[in-house]
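Okay, here's what each chain looks like letter by letter:
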Amino acid sequence: MFQRIPFGQTGHEELSFYEEAGREYDLIPCYFRMRDIEPGQNKINAYVWDVDHVYRITSVPTPRVIHNRTYSKENGPQKQKLTRLLEEGIFIFNLWTRYDKLRISTLLMQDPELKPFLPDTLKANPTTIFDMLDRYNSVIVKPSFGSLGSGMMKIEKHGTDYVLHHFNKKKLIPFTNELPTLLLKEIVSRYYIVQEFIPLLNFENRPFDLRVSVQRGTSGNWQVTGICGKAAMHGSYVTNVAAGGSVFLFEELLGKSNVNAEEVKKNTEGVALQLATTLGNQLEGLADVGFDIGLRENGQPVFIECNCKDLRYSFRLAGMLHEWKQTYRNPIGYGRYIYDHLLPKNR
């Protein structure tokens, strides 16, 4: 992506929105890779939009505020570098963008107000999978690190027997007392979680969930930027757009349901803000999150997962151009807030 910036081929990153917000907040956005910055540097090389209306590699003072848009694990190889940059007084928000789903679930469960909105979640192994199947008619088994629906499996109970639905391999595998070899290989080779399967509200017989963008802006406080929906393909339980799901307006999805759309939206926004607040109090620098939130059949919100590198394109696909632009504007506004209120004035 970095190499394609001069050609305007930046995938899901719409740099013009950053530039527009930069002009509004009197900041100059510059774009660089993790390898381009080192502790102790006073300057870095970065792409900057110049007076000729093109992006050029430019030597600029090391930014005092950085919005991390890389994929970085909390205990990954960049930890030492990022820790040293923080020690030098550089403010990095969304310091880590890939978290263990079980760790996120554990942090959220510490908030008693959120417990009604959280699915039962455990680390996946043969014992915990069968324990969960004793409690629920269906469970989801998915990688604790990962996205886009990759590696997701569903197990349904049929009397004393079970059926495994493997999304990627398009397989149905019946079993009784022992987990199928395919499932065992998956949970041994990668870190998986097992989770209570939530029967979601449907739209045209397609289960859907909501993408809720929650960000900090110029006030420094959390705010809901927008909500849209993602409906699975017919016959599927995976709503991810990359896995064949489709994006819809919230109002369209709820328009034919038996729940009160206005009340559901208010409740969903409240849960999303509480999720962000709870995680933001425990995860350093968190400021830009996309939550996947499902709706039970009675309209009650239920947390599915969080995305700390939200690609934001769901709003574009839904035709929500104002909200799409706002998802870029708010992080720049938060950068302005950091400069004005959180950084030492003598630097």
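Just above sits the structure.
Here's a quick rundown of the structure. Bear in mind the structure is a predicted one, so any value in this text is a computation, not a measurement.

Thoughts on the overall build of the protein chain
- Along its length, the protein chain carries nine helices and 16 strands.
- For the protein chain, the C-alpha radius of gyration of 22 Å lies close to 20 Å, the compact-globule estimate for 347 residues.
- Along the longest, intermediate and shortest principal axes, the C-alpha atoms of the protein chain span 70 × 45 × 40 Å.
- Across the 347 residues that make up the protein chain, the buried fraction comes to 53%.
- As displayed, the protein chain offers around 16,800 Å² of accessible surface, 49% of which is attributable to carbon and sulfur atoms.
- One way to put it: in the protein chain the 42 positive side-chain charges average out to a point 5 Å from where the 39 negative ones average out.

Description of the layout of surface pockets
- Empty space within the largest pocket amounts to approximately 990 Å³.
- In this structure, the largest pocket is lined by 34 residues; those nearest its centre are Cys30, Tyr31, Phe32, His67 and Arg69.
- Only α1 (15-25), β3 (65-67), α2 (79-87), β4 (91-93) and α9 (321-341) provide two or more residues apiece to the lining of the largest pocket.
- In terms of residue count, the dominant contributor to the lining of the largest pocket is α9 (four residues).
- Considering only residue class, the lining of the largest pocket consists of 24 nonpolar, five polar and five charged.

As for helix α5 (residues 181-189)
- Those residues of α5 not exposed but buried are Leu182, Leu183, Glu186 and Ile187. Projected down its long axis, α5 carries its buried residues within an arc of 120 degrees, all on one side. With respect to the buried face of α5, the exposed residues turned more than 90 degrees away are Thr181, Lys185, Val188 and Ser189.
- Each element contacted by the buried residues of α5 is listed here: α4 (126-135), β6 (138-143), β7 (153-158), β8 (161-166), β9 (171-175) and β10 (192-196).

Things to note about the sheet that holds β8
- Taken in spatial order, the six strands line up as β5-β10-β6-β7-β8-β9 in an open sheet, and their pairing is antiparallel. Bordering the open sheet on either side are β5 (121-123) and β9, each of which pairs with just one other strand. The average undirected angle you get between the axes of adjacent strands in this sheet is 20 degrees.

Remarks on the packing of helix α3 (residues 101-109) against helix α7 (residues 261-280)
- Close contact between α3 and α7 brings their axes to 9 Å; oriented N to C, the two are set at 100 degrees. With respect to their mutual orientation, α3 and α7 come out roughly perpendicular. On the side of α3, the interface is formed by Ile104, Leu107 and Leu108, while α7 contributes Leu275, Thr278 and Leu279.
- Grouping the constituent residues of the contact of α3 with α7 by class yields five nonpolar, one polar and no charged.

Remarks on the packing of aromatic side chains
- Evaluation of the coordinates by the stated rule reveals 15 aromatic pairs.
- When the ring of Phe17 is compared with that of Trp324, the centres are 4.8 Å apart and the planes differ by 80 degrees; the resulting orientation is edge-to-face. Placement of the pair is Phe17 in helix α1 and Trp324 in helix α9, with a sequence separation of 307 residues.
- Classification of Phe17 by relative accessible area gives buried; the value is 12%.
- Their ring planes at 70 degrees and their centres at 6.3 Å tell us that Phe291 and Phe303 sit as a pair that is edge-to-face. One end of the pair, Phe291, is in strand β15 (residues 288-295); the other, Phe303, is in strand β16 (residues 301-307), with twelve residues separating them in the sequence.
- Ring pairing ties together the aromatic residues Phe17, Tyr18, Tyr31, Trp49, Tyr55, Trp324 and Tyr328, which thus form one cluster.

A closer look at the nonpolar core
- Of all hydrophobic cores here, the largest spans 49 residues; its most connected members are Phe208, Leu275, Leu279 and Phe291.
- In terms of residue count, the dominant contributor to this core is α7 (six residues).
- Dropping the residues within four chain positions of it, Phe208 is found in contact with Leu200, Leu201, Asn202, Phe203, Lys230, Ala231, Thr239, Leu253, Leu254 and Leu295.
- In terms of nonpolar packing, the next biggest core, distinct from the first, is built from 19 residues, Ala21, Tyr25, Ala318 and Tyr328 among them.

Definitions and cut-offs
Residues numbered from 1 in each chain as written. Predicted model: local features only at pLDDT ≥ 70, side-chain atom pairs only at ≥ 80, totals over all residues. Heavy atoms only, no water. Helix = DSSP H or I, 4+ residues; strand = E, 2+ residues; numbered from the N terminus. Rg over C-alpha atoms; globule rule 2.2 N^0.38 Å. Buried < 20%, exposed > 50% of the residue type's maximum accessible area, 1.4 Å probe, protein only. Areas by Shrake-Rupley, 256 points an atom, 1.4 Å probe, with all protein chains shown as cover. Lys, Arg positive; Asp, Glu negative; His and termini not counted. Charge placed at Lys NZ, Arg CZ, Asp CG, Glu CD. 1 Å grid on protein atoms, 1.4 Å probe; cavity = no way out; pocket = protein on both sides within 12 Å on 5 of 7 lines; lining within 4 Å. Points joined across faces, edges and corners; volume = space filled by probe spheres on them. Nonpolar A, V, L, I, M, F, W, Y, C, P; charged D, E, K, R; others polar. Arc of directions from axis to C-beta. Contact = heavy atoms within 4.5 Å. Pairing = 2+ DSSP bridges. Axes fitted to C-alpha atoms, helices over the stretch in contact; angles between N-to-C directions. Parallel < 35°, antiparallel > 145°, perpendicular 65-115°, else oblique. Phe/Tyr/Trp six-rings, centres within 6.5 Å; stacked < 30°, edge-to-face > 60°. Core = buried A, V, L, I, M, F, W, Y, C linked by side-chain atoms within 4.5 Å.

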